[in-house]
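Coordinate analysis (summary)
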Amino acid sequence: MQTHTFKPDLPPPALSVGVVGWLRANLFSSWFNTLLTLFAAYLVWLIVPPLIQWALIDADWTGTTRADCTSGGACWVFVQQRFGQFMYGFYPSELRWRVDLTLWLAIIGAAPLFVPQMPRKAMYGLAFLVVYPVLAYWLLHGGFFGLSTVSTSQWGGLMLTLVIAAVGIAGALPLGILLALGRRSDMPAIRVICVTFIEFWRGVPLITVLFMSSVMLPLFLPEGLSFDKLMRALIGVILFQSAYIAEVVRGGLQAIPKGQYEAAAAMGLGYWRMMGLVILPQALKLVIPGIVNTFIALFKDTSLVIIIGLFDLLNSIKQATTDPAWLGMATEGYVFAALIFWIFCFGMSRYSQHLERKLDTGHKR
Amino acid sequence: MQTTANVPRPGGSVWTDPKVRAWLFQILAVIAVVALGWFLFDNTQTNLEKRGITSGFSFLNNSAGFGIAQHLIDYNESNSYGRVFVVGLLNTLLVSVIGIVLATLLGFLLGVARLSPNWLVSKLATVYIETFRNIPPLLQIFFWYFAVMLSLPGPRQSMGMGETFFLNSRGLYMPAPSPTDSFGLFAGAVIVAIIGVVLLSRWSKARFEATGKYFPVSLGAVPLLLVLPGLAVLLGGNPLQWSVPELTGFNFRGGWVLIPELMALTLALTIYTAAFIAENVRSGIMAVSHGQTEAARSLGLPAGKTLRLVIIPQALRVIIPPLTSQYLNLAKNSSLAAGIGYPDMVSLFAGTVLNQTGQAIEVIAITMSVYLAISISISMLMNWYNKRIALIER
């Protein structure tokens, strides 16, 4: 009996596998695509090599004055020399350890919250939220328990940016949740008050809010009561941001099926317990990515405090570029600022995407 | 079994009646809001009296006494604060409109590019989006203004494009058209041509629906649009006169100039907002399921019509609402002009005028209400549009 032996399979055509295949599929699949690829490659060639040349190859890294920048590229000496000012503003240099310590405490204190297996996370988080602000205020501002006072007018740089962002979100979150609950309330008067509040703050730019808090707030307050500049900015930021948080939280509340409300009511829970034990835990979990996004927006918006004369990261850099000894360093300064802001915002947006995937328990289609 | 013990009597206490409680809460809330309002109002009154500031809007008629770098309507130093307000408002609207148009174009381009099957193009779009949306807009404005615009060469060494456009540290100079005597004839011809095209396309659509016969509108429209205005030019001569900027002494004369503040602001806002619009466009297109494309193709629609008649109308429904909020954001971000001294409403009115007059409450109230009005009108317009194109479900 004749046996057939199959010939081995032919390999796929050499042009459709490996590097060549990938290139053909992704870059040169049609004449139009080829044209696009060539155009894009031209753009890259136009932008990337000069950028690397300027920022890395031709750049000056060491030195102390402007005269040390001779090679024609970026003068990172400027950033290096003013680094302290960019990070701490006018915070006295011998006391800067207090700022560092505050930051380390935040990192160490918050780290357990990011460990998934941590027991009693909510309790710990709550305790952290109560204890840490007091500790941070004591360390940064001082004035009691043996630490000398550093007034807020000396705060600045990245530290001030972080303080405004952190206090802003910590203040805006509870207020925003209350406003969202109010907006979804059955009571018309409460609803009208909350809607008006939210829509008002969402309709105006933050810059006018900051103007308002710096020129109108002193008029609103009774004689003798006054806030410093930072406090006024913070009040403006908190009120402004709470409206945005409220809308994010409302989205979460609306996503909870009606059955949850009815089941909670059928269990005999009152309004606050229904919200606190059943609705909010689910709704807030849904909107954590949204809250992180709001926080990113807030972080970027902190740069606006320059308008009312606070020395945040951006303003510190702007001031440094107007220094006669370092004229013409605007590009280096702003690129450095952009890099810092970018690292923070990009990191947070990645984290928010990660959370979105992790928390996705089937609410999506 | 005892079941009646814990059931409250139907009458119950008044305080446990949800309706009564709701009323009580609302009354308390209203009282609290009114009390807070009164507290603030009272304090303000006292403080204003103490500082000798008279409230009211009569200051709007006083002469301003300062010049403005860019005004779309006639303005000089002797004009009133009221006119300063209008100048600022128009400048704000100018930046917003230019920014919205450019950001929409760039954003749609980037959004489509990010979905492109071309690896390089989609990666480039991704890098652009991830870079620019994570840098604060104010920082971008500063960069374009302080690092780019102000370091351009002076007028005498300006970079020329042809002999008509000049870019230097004082701005972008370009030829300005001014109408001649025959402009009316030309404009009339253009309007008649446009009306003709509209009528033609209506007629062809009606015929198509009635008989199924297709008439290519562009076949009639292009000649109509070319011939009528062309005839007007032949009859009446050149409808526009171009005044070209010329270097006289240390500066340019004639033509239009885009001041560097305007350019920096527009550039930064466009680049920043386009990154967000691109993401909205991408998510909108991705929200249209692939089955729609397949269905359209199996009905025999070519790729272009699939896109135009099936994908885009459905994607737009998803894109429009977030697009609205991006437009609003751009309009609000235009107030960052105060950072570089572009004479928009905030820097002129809430900045200079407030400092000169000290009428903090009135000035801030006017500024805020303008933004509220812009916000509300844009969102109403978009809601109307959204409703019009919304899917009608049975």
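The written sequence of each chain sets the order in which its residues are numbered from 1. Whichever chain is written first is A, and whichever ligand is written first is 1; the rest continue in order. For a predicted model such as this one, the threshold for reporting local features is a pLDDT of at least 70, and the threshold for listing and counting side-chain atom pairs is 80 or more; totals across whole chains, interfaces and linings nevertheless cover every residue.

As a further point, take the overall build of chain A. Strands here are runs of E lasting at least two residues and helices are runs of H or I lasting at least four, both read from the DSSP assignment and numbered beginning at the N terminus. Broken down by element type, chain A carries 15 helices and zero strands. With C-alpha atoms as the basis for the radius of gyration, the globule rule is written as 2.2 Å multiplied by the number of residues raised to the power 0.38. Since a compact globule built from 365 residues should have a radius of gyration of about 21 Å, the 27 Å found for chain A marks it as more spread out than a globular shape. Its C-alpha atoms give chain A principal-axis dimensions of roughly 105 × 75 × 40 Å. Labels follow a simple rule on C-beta atoms placed from the backbone: if 20 or more others lie within 10 Å of a residue's own, it is buried; if 12 or fewer, it is exposed; otherwise it is partly exposed. The buried share among the 365 residues of chain A stands at 33%. Considering only contacts within chain A whose residues lie at least 6 apart along the sequence, 64% involve residues at least 24 apart. Once C-beta atoms are placed from the backbone, any two residues with those atoms within 7 Å are in contact.

Summing up its helical and strand segments, chain B has eleven helices and eight strands in all. In terms of overall size, chain B is more extended than a compact globule, its C-alpha atoms giving a radius of gyration of 29 Å where 394 residues would be expected to give roughly 21 Å. Seen through its C-alpha atoms, chain B measures out along the principal axes to roughly 95 × 70 × 45 Å. Within chain B, counting contacts between residues at least 6 apart in sequence, those at least 24 apart form 67% of the total.

All names here are of chain A. Fitted lines through C-alpha atoms give the axes, limited to the stretch in contact for helices. The angle between two N-to-C directions lies from 0 to 180 degrees. Here helix α14 (residues 313–321) crosses helix α15 (residues 330–359) at 165 degrees, and the two axes come no closer than 9 Å. Classified by the angle their axes make, α14 and α15 are roughly antiparallel. Crossing of α14 against α15: the hand is right-handed. Counting all contacts with α14, which are made through L313, L314, I317, A320 and T321, the residues of α15 involved are A330, G333, Y334, F336, A337 and I340. Among the residues making up the contact of α14 with α15, the classes are represented as nine nonpolar, two polar and no charged. Note that the term roughly parallel is reserved for angles under 35 degrees, roughly antiparallel for angles over 145, roughly perpendicular for angles of 65 to 115, and oblique for everything else. Here a crossing is taken to be left-handed if its near helix is turned anticlockwise relative to the far helix by less than a right angle, and right-handed if that turn runs clockwise. Three classes are used: nonpolar for Ala, Val, Leu, Ile, Met, Phe, Trp, Tyr, Cys and Pro, charged for Asp, Glu, Lys and Arg, and polar for all others, with Gly counted as polar.

All names here are of chain B. With respect to topology, four strands assemble into an open sheet ordered β1-β2-β3-β8, the strand pairing being antiparallel. Each edge of the open sheet carries a strand with a single partner, namely β1 (159–161) and β8 (256–258). Adjacent strand axes in the sheet meet at a mean angle of 20 degrees, parallel and antiparallel pairs treated alike. Strands qualify as paired when DSSP identifies two bridges or more between them. Here three bridges tie β1 to strand β2 (residues 165–168), and the two strands are oriented antiparallel to one another. Residue M159 lies in a different strand from β2, and its bridge partner there is L167.

A few words on the nonpolar core. Residue and element names in this part refer to chain B. Joining buried Ala, Val, Leu, Ile, Met, Phe, Trp, Tyr and Cys residues through C-beta atoms within 7 Å gives a set, and that set is a nonpolar core. Of all hydrophobic cores here, the largest spans 149 residues; its most connected members are L139, I141 and L265. Of all the elements, helix α7 (residues 260–287) adds the most residues to this core, at 14 residues. With residues near it in sequence (within four places) discarded, L265 still touches V95, I141, S334, A337, I340 and Y342.

Attention shifts here to the pairing of β2 of chain B. Residue and element names in this part refer to chain B. Side chains F166 and N168 of β2 all project onto a buried face; the interleaved residues F165 and L167 project onto a face where none is buried. Bridge count for β2 against strand β3 (residues 171–174) is three bridges, and the pairing is antiparallel. Bridge pairing in β3 places F166 opposite Y173. Joining the antiparallel neighbours β2 and β3 is a turn of two residues.

Another aspect to go through is the interface of chain A and chain B. Quite often, the size of an interface is put as the accessible area lost when its parts meet. Opposite the 47 residues of chain A that make contact, chain B presents 46 residues. Sorting the residues of the side of chain A that touches chain B by element identifies α2 (31–57), α8 (188–203), α9 (206–215), α10 (217–220), α14 and α15 of chain A as the ones contributing at least two each. Considered class by class, the residues forming the side of chain A that touches chain B number 33 nonpolar, ten polar and four charged.

Considered domain by domain, chain B is made up of domain 1 (20–51) and domain 2 (81–154 + 260–389). For every domain, the bounds stem from an assignment made automatically or drawn from a database. Between the C-alpha centres of domain 1 of chain B and domain 2 of chain B there is a distance of 38 Å.

The N-to-C vectors of α9 of chain A and helix α10 (residues 345–357) of chain B enclose an angle of 10 degrees; their axes lie 11 Å apart at closest approach. In this view, α9 of chain A runs roughly parallel relative to α10 of chain B, as classed from their interaxial angle. Within the contact between the two elements, α9 of chain A uses I207, T208, F211 and V215 of chain A and α10 of chain B uses V346, A350 and L354 of chain B. Split by residue class, the contact of α9 of chain A with α10 of chain B holds six nonpolar, one polar and no charged.

Residues and elements named next belong to chain B. As for its placement among the helices and strands, V353 is situated in helix α10. Classification of V353 as buried rests on a count of 27 C-beta atoms within 10 Å. Residues V353 and F59, 294 residues apart in the sequence, show an inter-C-alpha distance of 9.8 Å. Ignoring any residue separated from it by four or fewer positions in sequence, one finds V353 in contact with Y81, V84, L348 and V363.

Turning our attention to the domain arrangement of chain A. Splitting chain A by domain gives domain 1 (92–150) and domain 2 (169–359). When each unit is reduced to the centre of its C-alpha atoms, the spacing between domain 1 of chain A and domain 2 of chain A is 21 Å.

Before going further, it helps to spend a moment on the environment of T37 of chain A. Here T37 of chain A shows up in helix α2. Note on T37 of chain A: 19 C-beta atoms within 10 Å, which makes it partly exposed. Separated by 309 residues in sequence, T37 of chain A and F346 of chain A place their C-alpha atoms 27 Å apart. Excluding residues within four positions of it along the chain, T37 of chain A makes contact with L27 and F28 of chain A together with N118 and L120 of chain B.

Residue and element names in this part refer to chain A. Expected span of a helix, by definition, is 1.5 Å for each gap between consecutive residues, and there is one gap fewer than residues. Counted at 1.5 Å a residue, the expected span for helix α6 (residues 121–141) with its 21 residues is 30 Å, and the 29 Å between its end C-alpha atoms agrees. Along α6, the sharpest change in direction is near 25 degrees and occurs at V131; proline P133 comes one to four residues later. Looking at the residues trailing α6, positive phi occurs at G142, about 70 degrees. What is called the bend at a residue is the angle between a pair of axes, fitted to the seven residues leading up to and ending at it and to the seven starting from it.

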